[in-house]
Amino acid sequence: MTLRFDQSARKIYNWATITHISLWVILLSHSTNGHELATPLTLHMQRNLLTLGFAGSTGNAHRRISTTSFFLPSTSRIALSKQSYQRSISIMSDRTDSSSAKLSIESSSKDINYNPNRLRYVDAGANLLDSMYQGTYHDKPRHEPDLDIVLQRAFESGVHSIISLAGTPEESEQLLDLCEKGVKNGNNEENDFTATAVKLFGTVGVHPTRCAEVFAIKSKGDNSDAEPVWTLKSVEERDEITQQLVALANRGKQSGNVIAIGEFGLDYARLHFCPKEIQHVGFRAQLEVALETNLPLYLHNRESGEDLMDILSEYTDRFARCQKYSDGDSTENRRIRGIVHSFDESLEVANKLLSLGLFIGINGCSLKTQQNLDVVKEIPLESLILETDCPWCDIRPTHAGFSYIQTTFPCKKEKHYNKDLGQEGYCVKNRTEPCHVAQVAEVVAGLKDLDVKEVVDICCGKNVYELFGKLEKCVK
């Protein structure tokens, strides 16, 4: 819907600009058929910008509605909140010296009863150790570390658990510490770690593009421009690395903080980082770690052809004997307990992975093209798990899946962003956060013509718990 207010709107805007406060307006009314409609509405004031967030719904189809009037029901209730976050739509105002305050609302949703605040999301694939959350982009510092704000926004957006990924043994240890201690709050105090409401879980493993730096030694050549030459470390040295991963995984497993081995697999799109042969060595070594720790596989697969599936097929019987699902029994059609995340390949590849018993993880990179959407539409909901792969894989306006998005967040470019803006609800443009998992759910719901709640309950609930267990930490 599109709203235009003249003098009255300008008065509201000027009042908001002067007072610099946020209002969280909750509209509660009842439709004629008795269904409750709960609509969170936020007014967000930032100097010359008025942003209003709306989480509502307008029927069974994704649509854009225009109108010239806007009415609040007499039963509306107003509540105040420290922080308000834009939901579903954004409203941009003209400059204060404009003759009138022009406000526009874009609203789309699937079901009249859909209320995002009632949904419970799991971001099953994040990269919380990435330097972007420390304020550094392409080696350039842009703003203060804001991971604490990112996690708070995730929790207030309905994300109750996040699974973050590791790429080396060192990162695995850092991630385990993060899951155990919490997030630095930025006060520069000796013990400035603070617990967050959202629960953090992690993986232990070596990314395929990092296998060379972990399992091999780089030869020094006379020509610095030449391709690096990697020599595998000795069997004893590689076994020591494997046991290091096992020890970290068992430590995290006891506390409930480590829930999978990974992210590992094969990546033939970036062989300049690590040759195929060394990737295979690292892949097989970590399959042994998964067997020894009895943890699920968190797999990476990029342009590897049949190789990933061929190697996994060699281990199918061994995994079927040792891996157990959350109900304690091996499941015949889940022969390998694991997930192939950030999937963006063909339906043929998806079906082969599903035949091994694996789940398919999807994020914004899985929803870029119409071909991507056609593949996701055909994958059974019972085999999908939702993730963001943040800070990467955002869903952009040029992507095919963007038209299904209902939930948006105000953004600033990283060079204009600061922590104060983050606390007021702003994200960094093109930097994905765990809160954006809601957008992935909305695209899947639109593709499959399902209610968003059904998608979240299955892909962020049932499937996640079947694969990773209950996502509960062990309290000493």
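Residues numbered from 1 in each chain as written. Predicted model: local features only at pLDDT ≥ 70, side-chain atom pairs only at ≥ 80, totals over all residues. Heavy atoms only, no water.

Time to look at the overall build of the protein. The helix and strand tally for the protein stands at 12 helices and 20 strands. Considering only contacts within the protein whose residues lie at least 6 apart along the sequence, 74% involve residues at least 24 apart. (Helix = DSSP H or I, 4+ residues; strand = E, 2+ residues; numbered from the N terminus. Contact = heavy atoms within 4.5 Å.)

The subject of this paragraph is the packing of aromatic side chains. Under the criterion given, the structure shown has three aromatic pairs. For the ring pair Phe-264 and Phe-283, a centre distance of 5.5 Å and an interplane angle of 55° mean the geometry is tilted. Taken together, the positions of Phe-264 in strand S14 (residues 258-267) and Phe-283 in helix H6 (residues 276-293) put the pair 19 residues apart, joining distant regions of the chain. Residue Phe-264 shares its accessibility class with Phe-283, and that shared class is buried. The interplanar angle of 15° and the centroid separation of 6.3 Å between the aromatic rings of Tyr-298 and Phe-468 together place this pair among those described as stacked. (Phe/Tyr/Trp six-rings, centres within 6.5 Å; stacked < 30°, edge-to-face > 60°. Buried < 20%, exposed > 50% of the residue type's maximum accessible area, 1.4 Å probe, protein only.)

The next subject is the layout of surface pockets. By volume, the largest pocket amounts to about 1,300 Å³. In terms of lining residues, the largest pocket is bounded by 41 residues, among which Asn-127, Asp-130, Arg-270, Asp-389 and Trp-392 are the most central. Elements with a minimum of two residues in the lining of the largest pocket: strand S6 (136-137), helix H4 (211-215) and strand S15 (297-302). At three residues, S15 tops the list of elements feeding residues into the lining of the largest pocket. In terms of residue class, the lining of the largest pocket is made up of 12 nonpolar, 13 polar and 16 charged. (1 Å grid on protein atoms, 1.4 Å probe; cavity = no way out; pocket = protein on both sides within 12 Å on 5 of 7 lines; lining within 4 Å. Points joined across faces, edges and corners; volume = space filled by probe spheres on them. Nonpolar A, V, L, I, M, F, W, Y, C, P; charged D, E, K, R; others polar.)

Summarising the element assignment, Tyr-404 is placed in the loop between strand S18 (384-386) and strand S19 (411-412). The partly exposed category is assigned to Tyr-404, whose relative accessible area is 24%. Here the alpha-carbon distance between Tyr-404 and Gln-439, two residues 35 residues apart in the chain, equals 8.2 Å.

Time to look at the sheet that holds strand S16 (residues 338-340). One open sheet accounts for eight strands, arranged S5-S8-S11-S14-S15-S16-S17-S18; its pairing is parallel. Looking at the sheet topology across the chains shown, the edges are occupied by strand S5 (121-126) and S18. Going across the sheet, the axis of each strand differs from the next one's by a mean of 30°, ignoring polarity. Judged from the four bridges that link them, strand S8 (residues 159-164) and strand S11 (residues 199-204) form a sheet pairing that is parallel. Its bridge partner lying in S11, Ser-164 is registered against Gly-202. Along the sheet, H6 contacts S14 and S15; its crossing angle with S14, the most-contacted strand, is approximately 160°. Of the strands in this sheet, S14 and S15 touch helix H7 (residues 307-322), which is tilted by about 160° from S15. (Pairing = 2+ DSSP bridges. Axes fitted to C-alpha atoms, helices over the stretch in contact; angles between N-to-C directions.)

The N-to-C vectors of helix H5 (residues 235-255) and H6 enclose an angle of 40°; their axes lie 10 Å apart at closest approach. In terms of orientation, H5 lies oblique with respect to H6. Remark: the crossing between H5 and H6 carries right-handed chirality. Residues Arg-238, Thr-242, Gln-243, Leu-245, Val-246, Ala-249, Asn-250 and Lys-253 of H5 form the contact with H6, whose participating residues are Val-281, Ala-285, Gln-286, Val-289, Glu-292 and Thr-293. (Parallel < 35°, antiparallel > 145°, perpendicular 65-115°, else oblique. Left-handed = near helix turned anticlockwise from the far one by under 90°.)

A word on the side chain of Glu-433. As for its placement among the helices and strands, Glu-433 is situated in the loop between strand S20 (427-428) and helix H11 (437-448). Looking at Glu-433, its side chain comes within polar contact range of the side chain of Arg-431, at 3.3 Å. (Polar contact = N/O pair within 3.5 Å; in protein donor to acceptor, adjacent residues only side chain to side chain.)

The buried fraction of S11 is high, at five of six residues. As defined by bridge partners, S11 adjoins S14 across three bridges and the pair is classed as parallel. Paired with Val-204 across the two strands is Ile-261, which belongs to S14.

Below, the discussion takes up the nonpolar core. Formed by 104 residues in total, the largest nonpolar core has its most connected members in Leu-312, Leu-386 and Phe-468. At nine residues, the largest contribution of residues to this core is made by helix H12 (residues 452-468). Dropping the residues within four chain positions of it, Phe-468 is found in contact with Ile-163, Ile-259, Ala-260, Pro-296, Tyr-298 and Ile-339. Core analysis: the next-biggest nonpolar cluster, separate from the first, contains six residues, Tyr-137, Leu-421, Tyr-426 and Val-428 among them. (Core = buried A, V, L, I, M, F, W, Y, C linked by side-chain atoms within 4.5 Å.)

Right, let's get into the packing of helix H9 (residues 370-378) against H11. The contact between H9 and H11 brings their axes to 9 Å, and the two run at 75°. Considering the angle they form, H9 stands roughly perpendicular to H11. For the pair H9 and H11, contact is made by Leu-373, Val-376, Lys-377 and Glu-378 and by Val-443, Val-444, Leu-447 and Lys-448, respectively. For the contact of H9 with H11, the class distribution of residues is five nonpolar, no polar and three charged.

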